[in-house]
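Coordinate inspection notes
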Amino acid sequence: MKTMIIGVPKEIKNNENRVAVTPSGVKELTGKGHTVYVQSTAGIGSGFSDSDYVAAGARMLDTIDEVYSVAEMIVKVKEPIAEEYKLVRKGQIVFTYFHFACDRALTEAMLDSGAVCIAYETVRDREGRLPLLIPMSEVAGRMSVQEGARFMEKPQGGRGILMGGIPGVKPAKVLVLGGGVVGSNAALVAAGMGADVTITDISLPRLRQLDEIMPANVNTLYSSAYNIEQELPSADLVIGSVLVPGAKAPHLVSRDMLGLMKPGSVVVDVAIDQGGCFETSHPTTHSSPIYVVDGVVHYAVANIPGAVPCTSTLGLTNATLPYVVRIADMGWKKACQADPGLADGVNIVDGSVTFKAVAEAFDMEYTPSEKFL
């Protein structure tokens, strides 16, 4: 059996406290003969000490440069940021969330590196679902309501609306754009808090399914520009959760449409990783999460689950570890040959874009990943 050297760097994106491999994952990998190097303090934000990793069989390194220089495969949570670009080298496997279609600089840097970039967000399972995106979508959907409720408070910049209202006073009106994993989790939490919720989607079968499983205070609505315009004037909180896997998100709310909303209303753009579904969105951070456009509070943090790392890390690694083990055991080519869904995750190989939506986003040449397999 093939053995591999795996590197787990400390995440350096703003307030990103998740870690890509837990001590449990290290134990499984080292038990199969692989070597795992973990950067010192990489797990602290998620509740794992260096001694936890050492006890599980990891070798600790002090700097991120050392981790990148020794590893055949880098396993991360978030995409490399500018200061990491130079550390990625030719032939190295980088397995993480990339969201290439909304970041030309990252795409060009990874093309120049000659690395093999496998994106969590485009890996599919046998049913066509996105198994490595689902757990973080569940977290982001639930947190979108938590954060939306916070920023509806007057001291936080909102109108001063209580999500569930009280006897004699109506609850908040919440509009959820998109009925996928993020949207359905957002709707459930908003409904649980007592809000008056409307969830939209373009799939009638999905709307029927949501209508059957959602609480009574969740209404379904076909997603069209007209219908969204009709809902915006009364919405206190709008959650954008539309996903086109691997591609840039469509703008469902234009700058003009934003003007229909009441001052102090809140929008939470969970789709910001893929460019956002509000025209007025731009990425924010946990340390500076909001800004205001036309009186509307915008929350567009690009790594929402990073705020609850003890939950998020476990949820993410439960899903990613089997793939990490498979790539380490077989090498990326054989692993992708054996699992077409994993092959869907291959976005860049040796200077070529191998995911069609990324190539289309930047008008770049597309090379099917089969050429490398």
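Residues numbered from 1 in each chain as written. Predicted model: local features only at pLDDT ≥ 70, side-chain atom pairs only at ≥ 80, totals over all residues. Heavy atoms only, no water.

Right, let's talk about the packing of aromatic side chains for a bit. Inspection of the entire model under this criterion finds five aromatic pairs. Taken together, a centroid distance of 6.4 Å and an interplanar angle of 75° make the contact between F48 and Y53 edge-to-face. For the pair F48 and Y53, one class covers both residues: buried. Both rings, one in F95 and one in Y120, keep their centres 4.7 Å apart while their planes meet at 80°; by these two values the pair is edge-to-face. Of this pair, F95 sits in strand β5 (residues 93-96) while Y120 sits in the loop between β6 (116-119) and α6 (134-151); the two residues are 25 residues apart in sequence, bridging distant segments of the chain. (Phe/Tyr/Trp six-rings, centres within 6.5 Å; stacked < 30°, edge-to-face > 60°. Buried < 20%, exposed > 50% of the residue type's maximum accessible area, 1.4 Å probe, protein only. Helix = DSSP H or I, 4+ residues; strand = E, 2+ residues; numbered from the N terminus.)

Another point: the state of the cysteines. Counting across every chain of the model gives zero disulfides. With no disulfide partner, C117 has as its closest neighbouring cysteine sulfur the one in C336, 13 Å distant. Unpaired in this structure, C277 has its nearest cysteine sulfur neighbour in C102, at a distance of 12 Å. When its relative accessible area of 0% is taken as the criterion, C277 is described as buried. (Disulfide = S-S within 2.5 Å.)

We now examine the sheet that holds strand β15 (residues 352-353). Sheet architecture is open: eight strands sit in the order β3-β2-β1-β4-β5-β6-β14-β15, paired in mixed fashion. Each of the sheet's edge strands pairs with one partner strand only, and the pair in question is β3 (59-61) and β15. Relative to β5, strand β4 (residues 73-75) runs parallel, the two sharing three bridges. In the strand pairing of β5, V75 is matched with F95. Each of β6, β14 (346-349) and β15 is contacted by helix α5 (residues 104-113), which is oriented at about 55° to β14, the strand it contacts most. (Pairing = 2+ DSSP bridges. Contact = heavy atoms within 4.5 Å. Axes fitted to C-alpha atoms, helices over the stretch in contact; angles between N-to-C directions.)

What follows is about the pairing of strand β1 (residues 5-8). As paired elements, β1 and strand β2 (residues 35-39) share four bridges and run parallel to each other. Across the sheet, residue V8 finds its bridge partner in β2, namely V38. Of the pairings in the sheet, the one linking β1 to β4 comprises two bridges and is parallel in character. Its bridge partner lying in β4, G7 is registered against I74.

What follows deals with the nonpolar core. Within the largest apolar cluster, 76 residues are counted, with the highest numbers of intra-cluster contacts made by M73 and W332. Those residues in contact with W332, other than ones at most four positions away along the chain, are I93, V116, I118, I327, V346, V349, F372 and L373. With 27 residues, the next largest nonpolar core counts A71, F98, V358 and A359 among its residues. (Core = buried A, V, L, I, M, F, W, Y, C linked by side-chain atoms within 4.5 Å.)

We now examine α5. Since the α-helix packs 3.6 residues into each turn, any two residues three or four apart lie on the same face. Listed as buried for α5 are L106, T107, A109, M110, L111 and S113. Contacts made by the buried residues of α5 are with α4 (82-85), β6, β14, β15 and α14 (356-361). Two to three positions downstream of the cap, the backbone nitrogen of A105 sits 3.3 Å from a side-chain oxygen, assigning the N-cap of α5 to D103. With its phi angle positive at about 80°, G114 sits one or two positions after the end of α5. (Polar contact = N/O pair within 3.5 Å; in protein donor to acceptor, adjacent residues only side chain to side chain.)

Ordered by their spatial adjacency, seven strands build an open sheet running β9-β8-β7-β10-β11-β13-β12, and the pairing between neighbours is mixed. Here the strands that pair on one side only, and so sit at the sheet edges, are β9 (218-222) and β12 (290-293). Across the sheet, the axes of successive neighbouring strands diverge by a mean angle of 20°, strand direction being ignored. When strand β11 (residues 266-269) meets strand β13 (residues 296-299), the two strands line up parallel, connected through three bridges. Note on β13: the bridge partner recorded for V267 is H298.

A few words now on the pattern of salt bridges. Under the criterion given, the structure shown has 16 salt bridges. Across the salt bridge formed by R159 and D236, the nearest N and O atoms sit 2.9 Å from each other. Note that R159 is positioned in the loop between α6 and β7 (173-177) and D236 in the loop between α9 (225-231) and β10 (237-240), a separation of 77 residues in sequence. R159 sits in the partly exposed class, given a relative accessible area of 35%. On the basis of relative accessible area, D236 is assigned to the buried category, the value being 7%. A network of salt bridges, in which partner residues are shared, links K13, K78, E79 and D273. (Salt bridge = Lys/Arg side-chain N within 4 Å of Asp/Glu carboxyl O.)

Our next topic: unusual backbone geometry. Not every positive phi belongs to a glycine, and T41 is a case in point at roughly 70°. Structurally, T41 is set in the loop between β2 and α2 (50-56). Look at D350: it is not a glycine, yet its phi comes out positive at around 45°. For D350, the location among the structural elements is in the loop between β14 and β15.

As for its placement among the helices and strands, S254 is situated in the loop between β10 and α10 (255-258). When the C-alpha positions of S254 and F278 are compared, they lie 6.2 Å apart, and in sequence the two are 24 residues distant. A polar contact is formed between the side chain of S254 and the backbone nitrogen of M257, at a distance of 3.1 Å.

Next up on the list: the environment of V182. Looking at the secondary structure, you find V182 in helix α7 (residues 181-192). The spatial distance from the C-alpha of V182 to the C-alpha of A140 is 6.5 Å, given a sequence separation of 42 residues. Aside from chain neighbours lying at most four places away, what touches V182 is S137, G141, S241 and V270.

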